[in-house]
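Structural features, examined
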Amino acid sequence: MLNPFFWIKRASPRRWFYLLIVGVVALHLGVGLANTSSAFDLCGLLDGDPGIEIIQLITISDQQEVELGRCFHQHRVDEGLAIYRDRKVTKYVQEIGQRLIPYSELPNFPYTFQVVKDNTINAFASVGGFVYVHTGLLKGVENEAELAAVIAHEIAHIASKHSIEKLRQIIKDKNLEVNSEVEYKTIINLLEDIAFSLPRGRQQEYEADRKGLEMLHRAGYAPSGMTGFLQKLTQKVTTGNTPAMLRTHPETVKRLDTLNEIINKKGWNPNDGDGLDSAIYKQRIQSLPIE
Ligand SMILES: [Zn+2]
């Protein structure tokens, strides 16, 4: 296996055990990406012996990135991330994601869309195609086009490999060689910072907006879904009610201006497209708990 995801460093009497892990990883990477449970078990196994799991970021492949995304997911769930299990709502979010994917830069990447039980207005993407949408966001948007706009923005982050890029940047800033081996646990912690507390780079945000808007339009949604949602975020800031999403997404007003410019330049009618019917949208999410 070229460029193995996990690098075994220590020679010890338990060498057979590490070799077993390598075998399991190799097998898992070889048997495809659909079986999530074995990946989670594997993450648990590796977590039990921290310090031996090493990842080399410069050579990370798509499959390895998906493995990392799965382990990050499992780590978050272990730490209390509450996945919302309502089949109807989750399926609805997945359908919107699937409608957008063909127009992303990585249409064959294995994306996973999940709803998180959290009343704050937020959504985030991790590595390996994992997109998370808060129940607070589902209740906070006006219509399907706005929800699709947020999902498209997150897909664009994933397809542009923004989290991996940011990881490399942080590792470089910490004076580690970019191509050096970095401990697996460190990576998981850095991914948490990237997803929840560190502001993303301005360039990355504008890129995700631009690509997300293009995706939204090409998938047949009204472009005003994206501007309408950003407008709403801006209003919440001016009323002193800053949504959690803005901790990682600054410069809302400028982003809004840039998006309107793009729509004008392209000659698109902002309200031309699907997803603007608020009543139909409210019906689709009616099983959400009122809190
Ligand atoms: Zn973003």
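Residues numbered from 1 in each chain as written. Predicted model: local features only at pLDDT ≥ 70, side-chain atom pairs only at ≥ 80, totals over all residues.

From N to C terminus, the protein chain includes 13 helices and 5 strands. Here the protein chain, with 291 residues, has 37% of them falling under the buried criterion. Of the contacts made within the protein chain by residues no fewer than 6 positions apart, 73% connect residues no fewer than 24 positions apart. (Helix = DSSP H or I, 4+ residues; strand = E, 2+ residues; numbered from the N terminus. Buried ≥ 20, exposed ≤ 12 C-beta atoms within 10 Å, placed from the backbone. Contact = placed C-beta atoms within 7 Å.)

The next point concerns the nonpolar core. Counting 54 residues, the largest nonpolar core has Ala148, Ile151 and Ile155 as the members making the most contacts within it. In terms of residues, this core owes the most to one element, helix 6 (residues 144-159), which gives 11 residues. Among residues more than four places away in sequence, those in contact with Ala148 are Ile96, Leu100, Leu216, Tyr221, Gly225 and Gly275. (Core = buried A, V, L, I, M, F, W, Y, C linked by C-beta atoms within 7 Å.)

Time to look at the packing of helix 6 against helix 9 (residues 202-218). Two elements in contact, helix 6 and helix 9, have axes whose closest approach is 8 Å; the angle formed by their N-to-C orientations is 125°. Comparing their axes, helix 9 and helix 6 come out oblique. You can see that helix 6 and helix 9 cross each other, and the crossing is right-handed. Residues Ala148, Ala149, Ala152, His153, Ile155, Ala156 and His157 of helix 6 lie in contact with helix 9, whose contacting residues are Glu207, Ala208, Asp209, Lys211, Gly212, Met215 and Leu216. Residue classes in the contact of helix 6 with helix 9 are distributed as 8 nonpolar, 3 polar and 3 charged. (Axes fitted to C-alpha atoms, helices over the stretch in contact; angles between N-to-C directions. Parallel < 35°, antiparallel > 145°, perpendicular 65-115°, else oblique. Left-handed = near helix turned anticlockwise from the far one by under 90°. Nonpolar A, V, L, I, M, F, W, Y, C, P; charged D, E, K, R; others polar.)

Moving on, we come to the sheet that holds strand 4 (residues 130-134). The strand order across the open sheet formed by 3 strands is 2-4-3, and the pairing between neighbours is mixed. If you trace the sheet from one side to the other, it starts and ends with strand 2 (112-116) and strand 3 (123-125), each paired once. Averaged over all neighbouring strand pairs, the angle between strand axes comes to 15°, with direction disregarded. In the sheet, strand 2 pairs with strand 4 via 5 bridges, with the strands oriented parallel. In the strand pairing of strand 4, Thr112 is matched with Phe130. Sitting on the sheet, helix 4 (residues 87-100) is in contact with strand 2 and strand 4, with an inclination near 140° to strand 2. (Pairing = 2+ DSSP bridges.)

Before going further, it helps to spend a moment on the pairing of strand 4. Remember that side chains alternate between the two faces of the sheet whenever the strand is regular. Of all the 5 residues making up strand 4, 5 are buried; the element is thus mostly covered by neighbouring parts of the structure. Burial along strand 4 is two-sided: the residues Phe130, Tyr132 and His134 and Val131 and Val133 are all buried. A loop of 4 residues connects strand 3 with strand 4, the two strands running antiparallel in sequence, and Gly128 in this loop sits at a positive phi of about 75°.

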